[in-house]
Amino acid sequence: MKITLVAIHPHPSPQAVPLACAFLQEALLSDHALHGMVHTGIAEFFLHDDAARCARDIAARAPDLVAFSVYVWSRDHAVAVARELRSLLPGLVLCAGGAEPTANPAGLLDEGVFDFLVRGEGEAPLVQAVRLLRAGGNPAGVPGIVVPGGGAAAMPPPLELDTVPSPYLSGRLDPAIPGGALWQLSRGCDFACSFCFDHKGSGGVRRFSMDRIEAELRLFARLKVPQVFVLDSTFNKDVKRAKAILRLIGKVAPHVHFHFEVRSEFIDPEMADLFASITCSLQIGLQSSDAAVLRGVGRGFDRDDFEHRAFLLNQSGAIFGFDLIFGLPGDTPELFRSSLDFALSLYPNHLDIFPLAVLPGTRLFGKAQALGLEHLDAPPYTVLATPGYTAVELAQAGRLASACDVFYSRGKAVAWFNSVVTALKLTPSAFLTSFASFLGERAEAEILEEEIWGLQRAFLERIFKERKKGKLLPLALDLADYHHHYAAALMATPPAPPSHKQLRKLDLLRQPLALSASTTLARFNYEVLEILDAGEPDLAEFSACFNPTGSCAVIYPAHGEVCTESVSTPYFELLGALDGKAGAWALCPGIPLSETEAREFLEFTLAEGIVVVAGPAQV
């Protein structure tokens, strides 16, 4: 029996990993009753792929059964592909599993294209269904299997997780291909937020064994997987286990970047330090800073405690961000702006802000009408109006969320945002509302990464003049410029510097040199080192203490960090003149440097990776 498992990803990315399909494949291939009787393959597509072409690609495999992994974002595309497949291969058995069939089986069966659906954890139900299909039977009645006209199906019993082989350890799922791995350390959730489906039918939290986790981690390290996305709803709920895993990561895979979902209340000083000791980023579900709003969706909130846990992360140097949701029951535009102000006051690296989605199968879905929540009946199920928001106010909140994403998160403004907002005597939400107006009708998706720095500078120039704070503008621009260049250097790969022996052989004044691609030359209004010494400066106090005498800086990655050198104008001009063609001394006329000064400086810049040899060695 030939089975094709279909994964549809939102877009190409390191997270485009068909992990759910891979788990199903492992379950099918490891089942003794099916041994040698099934042949499986995984077909991967993206939302922008033409449905008819996807169907033709699947049909070319001549499958007997096609199983779609379906989520909110992929529902419509999966249905379209399945419909095309049905016309190409009328006798083909089509099924679907995943979050969407689990939460809304009736809605998906109403599409009339699937022979059955799999609810909950799919490994055991799908294996049983395939056994029955091979024997000429019908999978109706199998726990977790829903068939047309068959009524609701009970969720399958929770699995013993380690009974399903690891698709990474089997070698069938190669994390090096997409450039990232999805890593499941547990399944289920101990919390019961009414807007979320994670806790439903899971039998509580079940965890994979530490032996398996260590084996997978060592594999990621050996394959040099650049980043790993941990799928656990709350990675740090079991504090002792979380710390053990963090220590293991520090020992085995210190250079792999990890992404974790965590709860703030389980963070203590030791855990914060452990997060800071590895390469990782954390996402914390704040959702709202209003305790009454959060109580209404089954979440507790202690404002002072949350601030303390964020302080621990900031003190340790760990990188973290928050989630916010607007449109929750009891939420209003004013409360949303207050939540935004609170979140940004805690210096998150980024904010992810979403409108409320009333997902089928959640407690909130069952109470939506009583709560006055008008929402889309099809994915993405977002609210259209609530007692606290008109449709216009929801659109305004969406624009404010986009403005925050562009200016603050994508603009990497965490280090200087609060200094600038305080100097303007504005709240963060008021500042970002003004930026939203500045952007006009431009959709966030239209704004390219390379545009954002320019947009930040243009907006700062406008709002400082509007607020009659023009004297503070030069420092504000310096802060924006420096941290833009710092972020670029942080992401850049430095060149390998020449050895001391190689350096001694070069005639540095005749040798063609070029500025390294990882190096930035920048001019500032103030002395850049004084800006850095000030940390998070009060713009008015700094401007009163220092004169804008100007400075020239070289910003570059080296020695595992970002380095900033303040250099005098002649050295800056020399670096700017290096063209990779002529030797430095031929470029020096008009630059007031002696041969000795130029040679010593170039030796330093080569050793630091600021410049690179650009032509045949001149000795």
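Heads up: the structure comes first, above all this text.
Residues numbered from 1 in each chain as written. Predicted model: local features only at pLDDT ≥ 70, side-chain atom pairs only at ≥ 80, totals over all residues. Heavy atoms only, no water.

Enquirer: Sorry if this is basic, but what is going on with the overall build of the protein here?
Expert: Looking only at helices and strands, one finds 24 helices and 21 strands in the protein. Along the first, second and third principal axes, the C-alpha atoms of the protein reach 90 × 60 × 50 Å. For the protein, buried positions account for 51% of its 619 residues. If you take every contact in the protein between residues at least 6 apart in sequence, the share linking residues at least 24 apart comes to 72%. (Helix = DSSP H or I, 4+ residues; strand = E, 2+ residues; numbered from the N terminus. Buried < 20%, exposed > 50% of the residue type's maximum accessible area, 1.4 Å probe, protein only. Contact = heavy atoms within 4.5 Å.)

Enquirer: I'm lost on the pattern of salt bridges in this one. Help?
Expert: When the charged atoms of two side chains with opposite charge come close together, those side chains can pair. The tally for this structure, following the rule as stated, stands at 30 salt bridges. A salt bridge links Glu270 to Lys243; its shortest N-O distance comes to 2.7 Å. Linking Glu270 in helix α9 (residues 269–277) with Lys243 in helix α8 (residues 239–252), this pair joins segments that are 27 residues apart in sequence. The class for Lys243 is buried, based on a relative accessible area of 9%. Salt bridges sharing common partners tie together Arg75, Asp76, Arg83, Glu100 and Glu111. (Salt bridge = Lys/Arg side-chain N within 4 Å of Asp/Glu carboxyl O.)

Enquirer: Even after reading the chapter, I still don't get the environment of Ala458, so can you show me in this structure?
Expert: Mapped onto the elements of the fold, Ala458 is located in helix α17 (residues 449–466). Owing to a relative accessible area of 30%, Ala458 belongs among the partly exposed residues under this scheme.

Enquirer: Even after reading the chapter, I still don't get the sheet that holds strand β19 (residues 551–558), so can you show me in this structure?
Expert: If you trace the three strands from one edge of the open sheet to the other, you get β18-β19-β20, paired in antiparallel fashion. Strand pairing shows two members of the sheet lacking a second neighbour, β18 (520–524) and β20 (561–567), which therefore form its edges. On average, adjacent strands in this sheet sit at an angle of 30° to one another, irrespective of strand direction. Two strands pair when backbone bridges link them, and β19 and β20 are joined in this way by seven bridges, in the antiparallel orientation. (Pairing = 2+ DSSP bridges. Axes fitted to C-alpha atoms, helices over the stretch in contact; angles between N-to-C directions.)

Enquirer: How do you make sense of the pairing of strand β12 (residues 280–287) when you look at a structure like this?
Expert: Walk down a regular strand and you will see the side chains alternate between the two sheet faces. With eight of eight residues buried, β12 lies mostly within the body of the structure. Of the two faces of β12, both are covered, the one formed by Cys280, Leu282, Ile284 and Leu286 as well as the one formed by Ser281, Gln283, Gly285 and Gln287. Sheet analysis places strand β11 (residues 257–262) next to β12, joined by five bridges and oriented parallel. Bridge pairing in β12 links Val262 to Ile284. Pairing of β12 with strand β13 (residues 319–326), which is carried by six bridges, proceeds in the parallel orientation. In the strand pairing of β13, Ile284 is matched with Phe322.

Enquirer: Got a minute to help me understand the state of the cysteines in this structure?
Expert: Any covalent bond linking the sulfur atoms of two cysteines counts as a disulfide. Overall, the coordinates contain zero disulfides when judged by the stated rule. Cys189 carries a free sulfur, and the closest cysteine sulfur to it, the one in Cys196, is 6.2 Å from it. Of the residues examined, Cys189 reaches a relative accessible area of 14% and is grouped as buried. (Disulfide = S-S within 2.5 Å.)

Enquirer: Hey, could you run me through the sheet that holds strand β6 (residues 145–146) in this one?
Expert: Paired through backbone hydrogen bonds, the strands of a sheet run either parallel or antiparallel to each other. Strand order in the open sheet made by the six strands is β2-β1-β3-β4-β5-β6, with mixed pairing throughout. Unpaired on one side and paired on the other, β2 (39–46) and β6 mark the two borders of the sheet. Relative to β2, strand β1 (residues 2–9) runs parallel, the two being bridged by eight bridges. By the bridge assignment, Ala7 is partnered in β2 with Glu44. Helix-sheet contacts for helix α1 (residues 19–30) involve β1, β2 and β3 (65–69), and the interaxial angle to β2 is about 175°.

Enquirer: Would you mind going over a nonpolar patch on the surface with me for this structure?
Expert: On the surface, Tyr486, Leu490 and Met491 cluster together into a nonpolar patch covering about 330 Å² of accessible area. On the secondary structure map, Met491 appears in helix α18 (residues 473–491). (Patch = residues over 30% accessible without salt bridge, like charges linked within 9 Å, V, L, I, M, F, W, Y side chains within 5 Å. Areas by Shrake-Rupley, 256 points an atom, 1.4 Å probe, with all protein chains shown as cover.)

Enquirer: I'm lost on α1 in this one. Help?
Expert: Note that an α-helix has 3.6 residues per turn; residues three or four places apart therefore point the same way. Between its first and last C-alpha atoms α1 spans 16 Å; for 12 residues at 1.5 Å apiece the expected length is 16 Å, and the two agree. The element α1 is largely enclosed, with a buried count of nine among its 12 residues. Here α1 has its buried residues at Leu19, Cys21, Ala22, Phe23, Leu24, Gln25, Glu26, Ala27 and Leu28. (Expected span 1.5 Å × (residues − 1).)

Enquirer: Honestly, the packing of helix α16 (residues 428–439) against α17 in this entry has me stumped. Any pointers?
Expert: A pair of packed helices is characterised by two quantities: the angle between their axes and the separation of those axes. Viewed as axis vectors pointing N to C, α16 and α17 meet at an angle of 110°, and their least axial separation amounts to 11 Å. In this view, α16 runs roughly perpendicular relative to α17, as classed from their interaxial angle. The two elements α16 and α17 meet at a crossing, and its hand is right-handed. Within the contact between the two elements, α16 uses Phe431, Ser434, Phe435, Phe438 and Leu439 and α17 uses Leu455, Ala458, Phe459, Leu460, Arg462 and Ile463. (Parallel < 35°, antiparallel > 145°, perpendicular 65-115°, else oblique. Left-handed = near helix turned anticlockwise from the far one by under 90°.)

Enquirer: I keep staring at the side chain of Gln283 and nothing clicks. Help me out?
Expert: As for its placement among the helices and strands, Gln283 is situated in strand β12. A polar atom in the side chain of Gln283 sits 2.6 Å from the side chain of His350. Separated by 3.3 Å, the side chains of Gln283 and Asp352 make a polar contact. Apart from the residues within four sequence positions on either side, Gln283 is in contact with Phe260, Glu261, Val262, Gly321, Phe322, Asp323, His350 and Asp352. (Polar contact = N/O pair within 3.5 Å; in protein donor to acceptor, adjacent residues only side chain to side chain.)

Enquirer: Would you explain the pairing of β13 in this entry?
Expert: With seven of eight residues buried, β13 lies mostly within the body of the structure. In terms of strand pairing, β13 meets strand β14 (residues 350–355) through six bridges, oriented parallel. Its bridge partner being in β14, Phe322 is matched across the sheet by Leu351. Handedness of the crossover joining β13 and β14 through helix α12 (residues 333–345) is recorded here as right-handed. (Right-handed = clockwise from strand over helix to strand, strands pointing away.)

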